[in-house]
Amino acid sequence: MTFDRRIKIAPSILSADFANFGAECRAIEAEGADWVHVDVMDGHFVPNITFGPATCAAIRPHIKGVMDVHLMIAPVDPYIEAFAAAGADVITAHIEAGPHIHRTLQAIRNTGKKAGLAINPGTGLDGVENLLDMLDLVCVMTVNPGFGGQSFIASQVDKVRRLRALIGDRPIHIEIDGGVTPITAPLVAAAGADVLVAGSAVFKGGSVSDPSPYGANIRAIRAAAEAAT
């Protein structure tokens with residue numbers, strides 16, 4: 001997994017057909033997805049329950065590229081090794097999920113995986129600066145975490161812009177999670193984001209029997225974002 005700032009589209013399987021995860025992962029990659037994003041929710045840190053390490057292990061053989069695992073759980077630390085063993089390439093934890101985020105990031109890196117930090121819409125950047133040298137990715141939530149299909153929170157675009165300035169020339173991805181469409185993608189791309197998580201905007205209109213709409217949706221988001229950079 002090499003670093004570059006080209007636009008990457010990371011479809012969230014939260015919007016996929018749960019009965020056909022393997023086929024869905026193969027389909028989105030075949031249709032142009034760069035990463036596969038897995039939203040892990042515990043019904044405690046966020047008001048929804050989704051997947052665990054067993055699901056990640058089951059879909060890993062179907063993913064050729066990057067498996068990007070977003071842990072919306074608390075506590076995080078007891079589960080890091082399990083998600084690493086399940087094949088995650090990137091493991092992202094929320095700054096809000098526990099009191100010792102530095103220790104959490106150390107634990108992720110100690111597994112040999114890329115370390116990500118997620119920040120909710122109501123969280124500022126004050127706590128991020130001292131962590132930058134431990135990070136491979138910062139995920140800016142542009143919806144409140146917990147459910148797919150929410151509307152984009154436009155106030156987060158300025159946060160992305162300030163984060164990009166803070167990062168400088170460090171090899172850190174800025175990921176956007178929530179409400180990404182061909183309309184919102186240019187806003188965050190122009191502000192400095194390079195990884196765009198999209199769920200319903202990618203999977204709408206398609207299926208494993210006809211995944212061509214996935215490709216059209218991915219291309220539309222990518223083209224809109226690239227035009228703004």
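Cut-off values and rules
Residues numbered from 1 in each chain as written. Predicted model: local features only at pLDDT ≥ 70, side-chain atom pairs only at ≥ 80, totals over all residues. Heavy atoms only, no water. UniProt positions renumbered as here; feature names shortened; annotations may be inferred. Pairing = 2+ DSSP bridges. Helix = DSSP H or I, 4+ residues; strand = E, 2+ residues; numbered from the N terminus. Axes fitted to C-alpha atoms, helices over the stretch in contact; angles between N-to-C directions. Contact = heavy atoms within 4.5 Å. 1 Å grid on protein atoms, 1.4 Å probe; cavity = no way out; pocket = protein on both sides within 12 Å on 5 of 7 lines; lining within 4 Å. Buried < 20%, exposed > 50% of the residue type's maximum accessible area, 1.4 Å probe, protein only. Right-handed = clockwise from strand over helix to strand, strands pointing away.

An unreviewed UniProt entry lists the protein under the name Ribulose-phosphate 3-epimerase, with Frigidibacter albus given as the organism. Quoted verbatim from the Catalytic activity (unreviewed entry) heading of the UniProt record, the comment on the protein is "D-ribulose 5-phosphate = D-xylulose 5-phosphate". One UniProt comment on the protein, placed under Pathway (unreviewed entry), says "Carbohydrate degradation."

Caption draft 1: Representation of the sheet that holds strand 5 (residues 114-119) within the structure. With parallel pairing, 8 strands are arranged side by side in an open sheet as 1-8-7-6-5-4-3-2. Each edge of the open sheet carries a strand with a single partner, namely strand 1 (8-11) and strand 2 (35-41). Strand after strand, the sheet turns through a mean of 25° between neighbouring axes, direction not considered. Sheet topology note: the strand 4 (residues 90-94)/strand 5 ladder contains 5 bridges and is parallel. When the bridges of strand 5 are listed, Ile91 appears paired with Ala115. Contacting strand 5, strand 6 (137-141) and strand 7 (173-177), helix 5 (residues 156-167) runs over the sheet at an angle of about 165° to strand 6.

Caption draft 2: Structural view of the UniProt feature "binding site: substrate" (unreviewed entry) in the protein. This chain's UniProt record puts "binding site: substrate" (unreviewed entry) on Ser12, His70, Gly146, Phe147, Gly148, Gly149, Asp177, Gly178, Gly179, Gly199 and Ser200. As for the lining of the largest pocket, the annotated residues named previously contribute Ser12, Gly146, Phe147, Gly148, Gly149, Asp177, Gly178, Gly179, Gly199 and Ser200. Take Gly149: its relative accessible area is 65%, and that puts it in the exposed class. Take Gly178: it is sitting in the loop between strand 7 and helix 6 (185-191).

Caption draft 3: Up close: the pairing of strand 2. Counted residue by residue, strand 2 has 7 buried out of 7 residues, so it is predominantly covered. Across the two faces of strand 2 the burial is the same, with Trp35, His37, Asp39 and Met41 and Val36, Val38 and Val40 all buried. Where strand 2 meets strand 3 (residues 66-72), 7 bridges bridge the pair, whose relative direction is parallel. When the bridges of strand 3 are listed, Asp39 appears paired with His70. Handedness of the crossover joining strand 2 and strand 3 through helix 2 (residues 53-59) is recorded here as right-handed.

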